[in-house]
Amino acid sequence: MNRKHGPKQVASLTSKLVDPLLAKRVGMSTALMAAWPEIAGQDIAAQSRPVKIKWPARASDGEFQPGTLIVAANAMAALHLQHETGQIVERVNTFMGYTAITAVKVEQRSVTQAAQKPAGSSRPLAKSDTKRIAEAVRPVENERLQKALKAMGESVMRKQK
């Protein structure tokens, strides 16, 4: 049996198909949704999820205006998120690589745990993986962006089987 597409190719293809739809409908990407635990922290991410980015109406001069990230959260997570909105804005913008949002609006509502990954599903990171990630992000000149990409890469590598 000859396989043309492995799990990584299928995930990449799915992201290429789904991301434009999400971006058009809710201004969101699967990458941002997947990185939410690193952006918000594991504890808060287990009780919240990004819903959409609300973009302001385009200015007459066509200049880009950053949006507002809408986050659904259970009661306790909503309280914590309200206190950390400045950090969340910074982390999302670092993840995106540009000033995508200037605010976070927290909507308190029930967030099902089914959409969340089970705790403890990560593995220890091998030295070869750490080295590979460091080499991959080395060309990135912005130190904060480089650090965020490294953390995200390490998180992804820990969760792979």
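Our subject is the structure that appears above.
These numbers were taken from a predicted model, which means no experiment stands behind them. (Residues numbered from 1 in each chain as written. Predicted model: local features only at pLDDT ≥ 70, side-chain atom pairs only at ≥ 80, totals over all residues. Heavy atoms only, no water.)

Among the residues making up helix 6 (residues 127–137), those that are buried are Asp129, Ile133 and Val137. What you see down the axis of helix 6 is that its buried residues fit within an arc of 60°, all on one side. Relative to its buried face, helix 6 has exposed residues pointing more than 90 degrees away, namely Lys127, Ser128, Lys131 and Arg132. (Buried < 20%, exposed > 50% of the residue type's maximum accessible area, 1.4 Å probe, protein only. Helix = DSSP H or I, 4+ residues; strand = E, 2+ residues; numbered from the N terminus. Arc of directions from axis to C-beta.)

Before going further, it helps to examine the pairing of strand 2 (residues 67–73). A regular strand carries its side chains on alternate faces of the sheet. Among the 7 residues in strand 2, 6 count as buried, and that is most of the element. In this sheet, strand 2 lies alongside strand 1 (residues 48–54) in antiparallel orientation, the contact comprising 6 bridges. Considered in strand 2, the bridge of Lys54 is made with Thr68. (Pairing = 2+ DSSP bridges.)

The strand order across the open sheet built from 3 strands is 1-2-3, with neighbouring strands paired in mixed fashion. Among the strands making up the open sheet, the edge pair consists of strand 1 and strand 3 (101–108). If you compare each strand with its neighbour and ignore which way they point, the axes differ by 25° on average. Of the pairings in the sheet, the one linking strand 2 to strand 3 comprises 7 bridges and is parallel in character. Paired with Val71 across the two strands is Val106, which belongs to strand 3. Packed on one face of the sheet, helix 2 (residues 30–40) meets strand 1 and strand 2 and runs near 140° to strand 1. The strands touched by helix 5 (residues 85–96) are strand 2 and strand 3; relative to strand 3, the strand with the most contacts, the crossing angle is about 125°. (Axes fitted to C-alpha atoms, helices over the stretch in contact; angles between N-to-C directions. Contact = heavy atoms within 4.5 Å.)

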